[in-house]
Structure formats: C-alpha cells, structure tokens
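# Structure assessment
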Amino acid sequence: MRQPKVVHAAVGQLGRSFGALLLFLAASCAAPHSSGPNRFEFTEPQMGVPFRIVLYAPDKPTADQAARAAFGRITQLNDILSDYDTDSELSRLSQTAGSGRAVQASADLWFVLKRSQELAQRTDGAFDVTVGPVVSLWRKARREKRLPAPAKLAEALKAVGYRNLVLDPQCHAARLLVPYMRLDLGAIAKGYAVDAALKVLRARGVTRALVSGGGDMVAGDPPPGKRGWRIEVAPLDVTNAPPARFVLLANAGLATSGDLFQHLEIDGKRYSHIVDPHTGIGLTDHSLVTVIAPDGITADGLSTAISVLGPEAGARLVEKTRGAAVHMVRMPGDRIEMAESSRFKRFYEAP
Ligand code: ADP
Ligand code: MG
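Please read these numbers as outputs of a predicted model, since none were measured by experiment.

### Re the coordination of the magnesium ion (ligand 2)
Taken together, the protein ligands of the magnesium ion (ligand 2) are Ala187 (O), Asp300 (O), Asp300 (OD) and Thr304 (OG1), with distances of 2.1 to 2.5 Å. One chain supplies every donor for the magnesium ion (ligand 2), spaced along it as A-x112-D-x3-T. Placement of the pair is Ala187 in the loop between β6 (173-176) and α6 (189-203) and Thr304 in helix α7 (residues 296-309), with a sequence separation of 117 residues.

Next comes the structure, spelled out in structure tokens:
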C-alpha cells in the first residue's frame, strides 16, 4: 500500500472563528440553456437541519414532484434512523438492549447498521454507533455549559462498544448485548439519506441533481455543459489563510465533519460533538475534515471516523477506501495544519 502524502503547513495564527465551511454556490451552477432543462432549487428542514435539492428538469411539475418524492423518502428515513424520536425503529431497537432479544431490521436500518459496523471494525472502534449514552451526556453538557461528571461518563462508557452490537446477516437481525446501550446514527444517517434522495430523483429520470443536508451531500450527473457541481471548500477565516479552493463533484458524495458549530467551550478548551469512543471525551484538537467518496454514506462515515483518527491514520484509511479522498484542517494548539490525501487534488477545479 502506497503511503499517503500528508502535507503539513502552518498557515496562520489561531482564529477564534474557524470559518471554513462548504458552501455550494447557486450562482456557479450553469444558467439554463434556452432549449435545455431548467434549474430548480428546493429546501426543507429534515433530520434537524435544512436539506437542499438542486436539480435540472424539463419543467416545474416534473421538478416539484421529484423533489417532493425525494424529501418524502428522507422523512421516511428519519422515522427509521432517528435517535431523537423515541418511536423510531432505531430507538425501539435500543430499548431492547440487554434483553437478549434479537430484533429484525428493515432493509434501510440493516444497511446503515452493516456499513457502520464495517467502519467500526476498520477503525478499531474510532467510529462507533454505540456511542449513544456518551453522546447524550455531551448534549446535556452543551445545554448546561458544563462538562459531564467523570463518574457519569465512566458509567455511560460501560454501555459503549461496537462489539456489543451483534448483527445476524442471515436474518438481518440486531442484538444489543449490554443493558442501557443506545445507538446513535448521527455520524452516518444524513449521508445515507442524501444517497437515498438522489436515488429517488434518478428513478424519476432526474439525473442532474445535488442533494445536501448539513455537511453531507451527494451529486448526480453535472449541470448541463459542466464537468461537475462546483463546491467551495471555503477559506479559513484567519490572516494569511490560503484562497478558497473549489472541487468539481459528479456522481460522488462529499461530507464535512468538524466542531465549528457544535461544541462546548470550558476554560478556553473546545470540546467537539464528536467523541472518542474509547475515552468518552469530545475531541479537542479542532478539526474540519472534508471527504469525497463514491457515495454520501461512505463520505459521511469516513469524515467522522477521520476526525477521531487524526491526519496520519485518517489518510491511511482513506487511501484504502476505493474512490475516497480527504482534506483536513486541524488546529492543535495555536497553529493551523493542513493535510490532504493525494487523490483530493484530482477533484480541484483547474485554476
Ligand atoms: P454532523 O452531524 O455535524 O454532520 P458528523 O457526521 O461528524 O457531523 O456526526 C457527528 C455525530 O455523530 C455526533 O453528533 C454524534 O451523534 C455522533 N458521534 C459522535 N462521535 C462519534 C463517533 N466517534 N462515532 C460515531 N458516531 C459519533
Ligand atoms: Mg459523519
């Protein structure tokens, strides 16, 4: 296996606002050809964040119906995969923890659980959807603006560990071995949802489309006359930051994970909503990880996993994943470091 090329460069002093965000630029999409399909854009709150669909279609009724069907599919997935909704299929599975029962899963839940467990194995548990008990302590900590009590974290950690989620591939059933286990698909469900929404659009003949939700997106065929959807990997909001770069995305997923919006700051230390499942502690080396992969679910899972693994192990994981590439910015201490896997450069728009 070829070693990934990891580039480290100090590019400026630590800025408090780490303003790197992925934006897709409405203005950058192709103007509709007079005879070709027209561009339509839709936004809807889904899974706790705004989801956005940009598509090209011959007329408005086709566009409206396709977008409505795609959003409907995301709503359906939320009913299955949400850990906030106590009545979701996922929550009902979590409620059987420690009972000894195996529960048969729907095709969607099965697929997401299977992909989650594969990634957990590949990352030795840096990615782990059994982090639910610890994540809920950190959610409470963010609301109350104080760190979780160490004793409570230690207690919650007893119910964390992907090996205690047992999947039976024969009957597509899942069993949670330890009492109080709680599954949380927050690091992978949105990636699956954007893929599923794009699938619905394609089935209706709408292939030129971009679907995004939070930091997760998937692109279908490019806009007419273009090589890809132009996505800005925005510049850092600090002095001497390098200029914005753009990637061109077509038939691929892209995900960003980081502690930009969701974090807890105590005594000048910033704790991310992404936790290290081995310690139960929110990550503190502020990072923003952008992954491009063949689909949204792969990009979403990898971006969270790499946030936990760090640049070297993260880049190794990406190089071993077909069609994947990573761009990572970290701020350990007061320096900014950037690392990029060799494949990421291929996605940059030619200057
Ligand atoms: P976002 O939700 O901001 O798009 P991510 O895809 O990185 O970002 O997912 C973060 C969410 O995943 C957290 O809010 C939490 O619910 C869950 N999570 C946190 N740490 C882990 C982890 N180590 N492995 C799997 N899921 C995690
Ligand atoms: Mg993720």
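Still more to cover.
### A word on the nonpolar core
Leu55, Leu81, Leu109, Leu185, Leu201 and Ile306 are the most contacted members of the largest nonpolar core, which has 63 residues in total. With near-sequence residues (within four places) excluded, Leu81 lies in contact with Leu90, Leu109, Val112, Leu185, Ala189 and Tyr192.

### Quick notes on the sheet that holds strand β4 (residues 103-104)
Spatial strand order, β4-β6-β5: three strands in an open sheet with antiparallel pairing. If you trace the sheet from one side to the other, it starts and ends with β4 and β5 (165-168), each paired once. Helix-sheet contacts for helix α3 (residues 107-122) involve β5 and β6, and the interaxial angle to β5 is about 120°.

### Some remarks on the environment of Gly314
Tracing the chain through its elements places Gly314 in helix α8 (residues 311-319). On the basis of relative accessible area, Gly314 is assigned to the buried category, the value being 0%. Residues Gly314 and Val326, spaced twelve residues apart in sequence, show a C-alpha to C-alpha distance of 8.4 Å. Contact partners of Gly314, with chain neighbours within four places excluded, come to Ile306 and Leu309.

### A short note on the site of ligand 1
Neighbouring ligand 1 are 19 residues; Ala126, Asp184, Ser257, Val275 and Thr304 lie closest to it. Measuring from a nitrogen atom of ligand 1, one finds a backbone N or O atom of Val275 at 2.8 Å. At 2.7 Å, a side-chain N or O of Thr304 approaches an oxygen atom of ligand 1. For ligand 1, the protein covers 92% of the area, taking 560 Å² as the surface of the free molecule.

### Digging into the sheet that holds strand β7 (residues 209-213)
One open sheet accounts for eight strands, arranged β2-β3-β7-β8-β11-β16-β17-β18; its pairing is antiparallel. Each end of this open sheet is capped by a strand with a single partner; those strands are β2 (38-46) and β18 (337-340). Pairs of neighbouring strands in the sheet enclose a mean axial angle of 10°, with direction left out of account. Across nine bridges, β2 lies against strand β3 (residues 49-57) in antiparallel orientation. Considered in β3, the bridge of Phe40 is made with Leu55. The sheet contacts of α8 involve β17 (325-330) and β18, and relative to β17 the element is tilted by about 170°.

### Observations concerning the packing of aromatic side chains
This structure, assessed with the given rule, holds four aromatic pairs. For the ring pair Phe344 and Tyr348, a centre distance of 5.4 Å and an interplane angle of 70° mean the geometry is edge-to-face. There is no split in this pair, since Phe344 and Tyr348 are both buried. Here Arg230 stacks its cationic end above the ring of Phe246, 3.7 Å away from the centre of that ring.

### What about the pairing of β7?
Counting buried positions over the five residues of β7 gives five, a clear majority of the element. Here β7 shows two buried faces, one formed by Ala209, Val211 and Gly213 and the other by Leu210 and Ser212. Relative to β7, β3 runs antiparallel, the two sharing five bridges. Residue pairing in the sheet places Leu55 in a bridge with Ala209 of β7. Pairing of β7 with strand β8 (residues 216-219) involves four bridges; the strand directions are antiparallel.

### Description of the confidence of the model for the chain
For the chain, per-residue confidence averages 88 on the pLDDT scale, and 87% of positions sit at 70 or higher. Low pLDDT (under 50) marks residues 1-33, which in the prediction has 101 contacts with non-local residues, meaning those over four places away or in another chain.

### Structural notes on the pattern of salt bridges
Think of it this way: side chains of opposite charge can pair up when their charged atoms draw near. Overall, the coordinates contain 15 salt bridges when judged by the stated rule. A salt bridge links Asp83 to Arg139; its shortest N-O distance comes to 3.1 Å. Of this pair, Asp83 sits in the loop between α1 (60-81) and α2 (89-94) while Arg139 is found in helix α4 (residues 132-144), placing the two residues 56 residues apart along the sequence. Residue classification places Asp83 among the buried residues on the basis of a relative accessible area of 13%. Classification of Arg139 as buried rests on a relative accessible area of 16%. For Glu118, the salt bridge goes to Lys114, with nearest N and O atoms at 3.8 Å. With a gap of four residues between them, Glu118 and Lys114 both fall in helix α3, about one helical turn apart. With a relative accessible area of 36%, Glu118 lands in the partly exposed category.

### So, α3
Helix length check: α3 (16 residues) gives 23 Å between terminal C-alpha atoms against 22 Å at 1.5 Å per residue, within 8%. All of the buried residues in α3 are Asp108, Leu109, Trp110, Val112, Leu113, Ser116, Gln117, Leu119 and Ala120.

### Quick look at the side chain of Glu89
By secondary structure assignment, the location of Glu89 is in helix α2. Salt bridges are absent for the buried Glu89, whose nearest opposite-charge side chain, Arg92, sits at 5.8 Å.

Rules and cut-offs
- Within any chain, residue numbers begin from 1 and follow the written order of that chain's sequence.
- Working convention: letters from A go to chains and numbers from 1 go to ligands, in the order in which they are written.
- It should be noted that, the model being predicted, local features are given only for residues of pLDDT at least 70 and side-chain atom pairs only at 80 or more, the latter also being counted only at that level, while totals for whole chains, interfaces and linings use all residues.
- Note that water and hydrogens are dropped before the side-chain values are worked out from all heavy atoms of the structure.
- Distances define the donors: N, O and S atoms within 2.8 Å of the metal qualify, as do those within 3.2 Å of Na, K or Ca. Water is excluded, so some sites may look unfinished.
- Secondary structure elements follow DSSP: runs of H or I of four or more residues count as helices, runs of E of two or more count as strands, with numbering from the N terminus.
- Here, nonpolar core refers to any group of buried Ala, Val, Leu, Ile, Met, Phe, Trp, Tyr and Cys residues whose side-chain atoms link them within 4.5 Å.
- Each residue is placed in one exposure class: buried if its accessible area under a 1.4 Å probe, protein chains only, is under 20% of its type's maximum, exposed if it is over 50%, and partly exposed if it falls in between.
- Contact criterion: two residues are considered in contact whenever any of their non-hydrogen atoms come within 4.5 Å of each other.
- At least two bridges found by DSSP between two strands are what make those strands a pair.
- Axes here refer to lines fitted to C-alpha atoms; in helices the fit is confined to the stretch in contact. Angles between the N-to-C directions go from 0 to 180 degrees.
- Definition of nearness: a residue and a molecule or strand are near each other if at least one heavy atom of the residue lies within 4 Å of the molecule or strand.
- Nitrogen and oxygen atoms within 3.5 Å of one another constitute a polar contact, given that in protein one can donate a hydrogen and the other can accept it, and given that sequence-neighbouring residues count only through two side-chain atoms.
- The protein chains shown are the only cover counted for residues, whose accessible areas, like all others here, come from Shrake-Rupley with a 1.4 Å probe.
- When the centres of two rings from Phe, Tyr and Trp lie within 6.5 Å, Trp using its six-membered ring, the rings pair. Their planes under 30 degrees apart give stacked, over 60 give edge-to-face, and anything left gives tilted.
- In this analysis the charged atom, NZ for Lys or CZ for Arg, is taken to sit over a ring once it is within 6 Å of the ring centre and within 35 degrees of the ring normal.
- For every residue, the predictor states its confidence as a pLDDT score lying anywhere from 0 to 100.
- By convention in these notes, a salt bridge is any Lys or Arg side-chain nitrogen within 4 Å of a carboxyl oxygen on Asp or Glu.
- Take the residue count of a helix, subtract one, and multiply by 1.5 Å to get its expected span.
- As used throughout, the charge tally considers Lys and Arg to be positive and Asp and Glu to be negative, leaving His and the chain termini uncounted.

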